[in-house]
Number of protein chains: 2
Amino acid sequence: MASRDHADEQRFLDEYNPQDYLSPLVTVDVAIFTLIEGRLHVLLVQRANHPERGRWALPGGFIDAGQDQALSAAAARKLRQKTGVTAPYLEQVCTVGDNARDPRGWSVTVLYMALMAHAPTAAFVDSVADTRWWPLADAMAHDLAFDHRQLLAAARQRLSGKTAYTVLPVHTLDTPFTLTQLQQAFEEVLGAPLEKKSFRRRILSADILDEVGEAPPPGGRGRPAALFRPKAGLEDHAFVRVVGEGK
Amino acid sequence: MASRDHADEQRFLDEYNPQDYLSPLVTVDVAIFTLIEGRLHVLLVQRANHPERGRWALPGGFIDAGQDQALSAAAARKLRQKTGVTAPYLEQVCTVGDNARDPRGWSVTVLYMALMAHAPTAAFVDSVADTRWWPLADAMAHDLAFDHRQLLAAARQRLSGKTAYTVLPVHTLDTPFTLTQLQQAFEEVLGAPLEKKSFRRRILSADILDEVGEAPPPGGRGRPAALFRPKAGLEDHAFVRVVGEGK
DNA sequence: CAACTTAGTGGCTTTATGCCAACAATAACA
DNA sequence: TGTTATTGTTGGCATAAAGCCACTAAGTTG
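For every chain, the first residue of the written sequence is number 1, and numbering continues from 1 onward in sequence order. Labels are handed out in written order, letters beginning with A for the chains and numbers beginning with 1 for the ligands. Only residues with pLDDT of at least 70 get local features here, since the model is predicted, and only at 80 or more are side-chain atom pairs given and counted; chain-wide, interface and lining totals rely on the full set of residues. Excluded from the side-chain calculations are hydrogens and water; all other atoms, namely the structure's heavy atoms, are used.

> Let's hear about the sheet that holds strand 9 (residues 209-215) of chain A: which residues, and what values?
Residues and elements named next belong to chain A. Here we have three strands laid out as an open sheet, ordered 8-10-9, and antiparallel in their pairing. Looking at the sheet topology across the chains shown, the edges are occupied by strand 8 (177-178) and strand 9. A pair of strands is treated as paired once DSSP finds two or more bridges between them. Each helix corresponds to a stretch of at least 4 residues labelled H or I by DSSP, and each strand to a stretch of at least 2 residues labelled E; elements are numbered beginning at the N terminus. In this structure, strand 9 lies alongside strand 10 (residues 225-230), joined through six bridges in antiparallel fashion. Across the sheet, the residue bridging to glutamate 214 is alanine 226, located in strand 10.

> Describe the domain arrangement of chain A, listing the residues and the values that go with them.
Residues and elements named next belong to chain A. Annotation comment: domain bounds sourced from an automatic or database domain assignment. When its domains are assigned, chain A resolves into domain 1 (21-161) and domain 2 (164-236). The C-alpha-based centres of domain 1 and domain 2 are spaced at 27 Å. Two parts placed together each lose some accessible area under a 1.4 Å probe, and the buried area is that loss summed for both. Across the domain 1/domain 2 interface, buried area totals approximately 1200 Å², and carbon plus sulfur atoms make up 61% of it. When residues of domain 1 are sorted by the area they lose upon contact with domain 2, Leu35, Tyr89 and Leu115 head the list and together hold 35% of the total. Throughout this description, the term salt bridge denotes a Lys or Arg side-chain nitrogen within 4 Å of a carboxyl oxygen of Asp or Glu. Run the count over domain 1 and domain 2 and you get one salt bridge. In this structure, glutamate 188 and arginine 39 form a salt bridge, with 3.1 Å as the shortest nitrogen-oxygen distance. Whenever a nitrogen or oxygen atom comes within 3.5 Å of another N or O atom, the pair is scored as a polar contact, on the condition that within protein one atom can donate a hydrogen and the other can accept it, and that pairs from neighbouring residues in sequence are kept only if both atoms are in side chains. At the boundary of domain 1 and domain 2, one finds seven residue pairs in polar contact (both at pLDDT 80 or more). At the level of secondary structure, the elements contributing two or more residues to the side of domain 1 that touches domain 2 comprise strand 1 (25-36), strand 2 (39-46), strand 5 (89-98), strand 6 (107-115), helix 3 (119-127) and helix 5 (148-163). In terms of residue count, the dominant contributor to the side of domain 1 that touches domain 2 is helix 5 (four residues). In this classification, Asp, Glu, Lys and Arg are treated as charged, Ala, Val, Leu, Ile, Met, Phe, Trp, Tyr, Cys and Pro as nonpolar, and every other residue, Gly included, as polar. Considered class by class, the residues forming the side of domain 1 that touches domain 2 number 10 nonpolar, five polar and three charged.

> Go over the sheet that holds strand 10 (residues 225-230) of chain B with me, naming the residues and quoting the values.
All names here are of chain B. Ordered by their spatial adjacency, three strands build an open sheet running 8-10-9, and the pairing between neighbours is antiparallel. Only two strands of the sheet have a single neighbouring strand rather than two, namely strand 8 (177-178) and strand 9 (209-215). Across two bridges, strand 8 lies against strand 10 in antiparallel orientation. From the neighbouring strand, phenylalanine 177 faces strand 10, where its bridge partner is phenylalanine 228.

> How would you summarise the layout of surface pockets if you had to cite specific residues and measurements?
In this structure, the largest pocket encloses a volume near 1900 Å³. Each cavity reported here is a set of points on a 1 Å grid over the protein atoms alone in which a 1.4 Å probe fits but cannot get out, each pocket an open set with protein on both sides within 12 Å along at least five of seven lines, and each lining residue one with an atom within 4 Å of a point. Along the walls of the largest pocket sit 43 residues, with A:Arg158, A:Tyr165, B:Arg158, B:Lys162 and B:Tyr165 positioned nearest its centre. Put simply, the parts of the chain that give the lining of the largest pocket at least two residues each are strand 5 and helix 5 of chain A together with strand 5 (89-98) and helix 5 (148-163) of chain B. Broken down by class, the residue content of the lining of the largest pocket amounts to 19 nonpolar, 10 polar and 14 charged. Grid points are joined across faces, edges and corners, and a volume is the space filled by probe spheres set on the points.

> Requested: an account of the protein's contact with DNA strand D, with residues and values cited.
In these notes, residues near a molecule or strand are those with any non-hydrogen atom within 4 Å of it. Neighbouring DNA strand D are 26 residues, the closest being A:Arg202, A:Gly220, B:Lys196, B:Lys197 and B:Arg200. When the atoms of DNA strand D within 4 Å of the protein are grouped by moiety, sugar and phosphate amount to 58% of the total. Here a sugar or linking oxygen of DNA strand D and a backbone polar atom of A:Gly220 are 3.4 Å apart. In this structure, a base nitrogen belonging to DNA strand D sits 3.3 Å away from a side-chain N or O atom of A:Arg223. Of all the secondary structure elements, the ones that give two or more residues to the surface near DNA strand D are helix 7 (196-205) of chain A together with helix 7 (196-205) and strand 10 of chain B. Its residues assigned to classes, the surface near DNA strand D shows four nonpolar, seven polar and 15 charged.

Okay, structure coming up:
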């Protein structure tokens, strides 16, 4: 009976033709964030094809059934094509699907968020046509393709939300970095100032950074600062309490 | 030029035929949790069709382009069909997609998690064929269809993770409830005992419940307990700190 | 060496939770 | 009508992690 059922299933699969069923369009989009001169930026691409040709949009597109083993691989591929980066911080944010967001009909997009340091990507991004880093506020104010404005807002919210109890902004910095730089990254992401002593105590007592030397002070003025490098596995670290509830 | 482009796009859309493009299969699955006699249960359905016929699986299936306006509507529909419940707590968990999870080829599933009280659903669920509440541990130990074991694990993890800083388990109880019942729901979800005083202080000072009377003690023994009903908007409440870090 | 600038710390306050013991309200029972 | 058992509720101090603010440290510039 089990084997009978198995033969049954085999026959079903042999006769199965994907063309017979109409699936929604499935895309993957990535909101790639970085810090440039201390400000949050997001990577946008000007659409070369219909629909919404000419509009700026999040990098993304269809899944390549031949190339992509899984959704996250598809997201990583899009990201690699636009930035050259192969191992960024990459996290799934959410999936949006309905019959109105794309003129072609029912469509589904899986949204990812990525973080990376700017310096190593700058040259590559410059070389990719119709692709550039936008200051986040400008991007949010702009009229993006499809529902990408909402997608961007969702990614941004995930970023700040998670920054409250993790060390996500680490991934937007070049290593090594100083604690002041890290704090500024947090402040930019959270959109609010943090208290120096509390911040340093929180980060240092979490034991997630290795001290790796000293940096000359920025602008040549002031005391040199200790440099740190993230320890392995720090993306898993979750604080028991949220940061920045004072004032 | 703008209108030229617009006409251009119109022509593109007129000529667009979805059949020309091969999209992955898209399904929506829902992990529906409830408490029965204090223990976490999940709703499973025995598959009536190939593939994986006869295996138990999470309720779910294809999007109905005619009926479903959006992904969340599709999830709500599946849930309504199996439980009769129209307004449960429903949250998107994640989306899994690859070329190996379904024998028919590249497939994507959007996983939702739902919470509901048991009593109002019991009769309806009983009346639906091939559908029943499984104790969570049994379900996890069972050989479910496709990758539903992993999906179930992901939903379960979201549930306990979020319970640490919200009041999610409220949605698994009939209203009104006592604080002891709520605490027991938390403990079952978290898999660890909580301290009575801390728990009560935390919940009460959050000001998210309305006191609505008194309940006779369970089993007729002991002091009667105050009854509470959740205030509107309590799903948004997030505590600044995680619960249950002691011992 | 004084003035300025940025990094880092001391130490007290505040907030939220952990912990444990006491107290309160009911039912069953002697 | 106590007495005991059972469950709900609260008091009060200890502890953990943050907030706050002033002060010290280590450089540069002139």
